[in-house]
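Chains, contacts and geometry: an overview
The residues making up each chain are set out below.
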Amino acid sequence: MTVKVHITYCGGCGYRPKFTKLKALLEDEFPGELEITGEGTPSTTGWFEVEVNKKLVHSKKNGDGFVDSESKFKAVVTAIEQAIGK
């Protein structure tokens, strides 16, 4: 089963490189198991939201910041592992 990961990021803030980096890290961690999509907001929102199978697992808007530490990355990985059934 392919797990769907959707990342909504602030297009007006220039967060696309942060999306691209996280996408590459997740593809390395789960080769061939993920369908990763990204969407830049057209205006300045400050968002960096990560959903796994439509469940919000990380939210800059809600105070999580960026996925910029091992613990934040591990939280996303754990959510994906649960979705896969590992």
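Residues numbered from 1 in each chain as written. Predicted model: local features only at pLDDT ≥ 70, side-chain atom pairs only at ≥ 80, totals over all residues. Heavy atoms only, no water.

A few points about the side chain of Thr41
- Tracing the backbone shows Thr41 in strand β2 (residues 34-41).
- In this structure Thr41 comes out as buried when scored by relative accessible area, which is 9%. (Helix = DSSP H or I, 4+ residues; strand = E, 2+ residues; numbered from the N terminus. Buried < 20%, exposed > 50% of the residue type's maximum accessible area, 1.4 Å probe, protein only.)

A few points about helix α2 (residues 70-84)
- Here α2 contains 15 residues, and its C-alpha end-to-end distance of 21 Å stays within 8% of the 21 Å for a straight helix at 1.5 Å per residue.
- Each element contacted by the buried residues of α2 is listed here: β1 (3-10), α1 (16-29), β2, β3 (48-52) and β4 (55-59). (Expected span 1.5 Å × (residues − 1). Contact = heavy atoms within 4.5 Å.)

A closer look at the packing of aromatic side chains
- Within this structure, the stated rule accounts for 3 aromatic pairs.
- Relative to Phe66, the ring of Tyr15 lies with its centre 4.9 Å away and its plane at 85°, an arrangement referred to as edge-to-face. Taken together, the residues span a long stretch of sequence, with Tyr15 in the loop between β1 and α1 and Phe66 in the loop between β4 and α2 at a distance of 51 residues. Phe66 matches Tyr15 in its accessibility class, with the two residues each being buried.
- A ring pair is formed by Phe48 and Phe66, whose centres lie 5.8 Å apart and whose planes are at 70°; its orientation type is edge-to-face. With a gap of 18 residues between them, Phe48 in strand β3 and Phe66 in the loop between β4 and α2 connect regions that are remote in the sequence.
- Judged by its relative accessible area of 1%, Phe48 is buried.
- For Phe66, a relative accessible area of 18% corresponds to the buried category.
- Three or more aromatic residues joined by ring pairs make a cluster, and in this case those are Tyr15, Phe48 and Phe66.
- Here Lys18 stacks its cationic end above the ring of Phe66, 4.3 Å away from the centre of that ring. (Phe/Tyr/Trp six-rings, centres within 6.5 Å; stacked < 30°, edge-to-face > 60°. Lys NZ or Arg CZ within 6 Å of the ring centre and 35° of its normal.)

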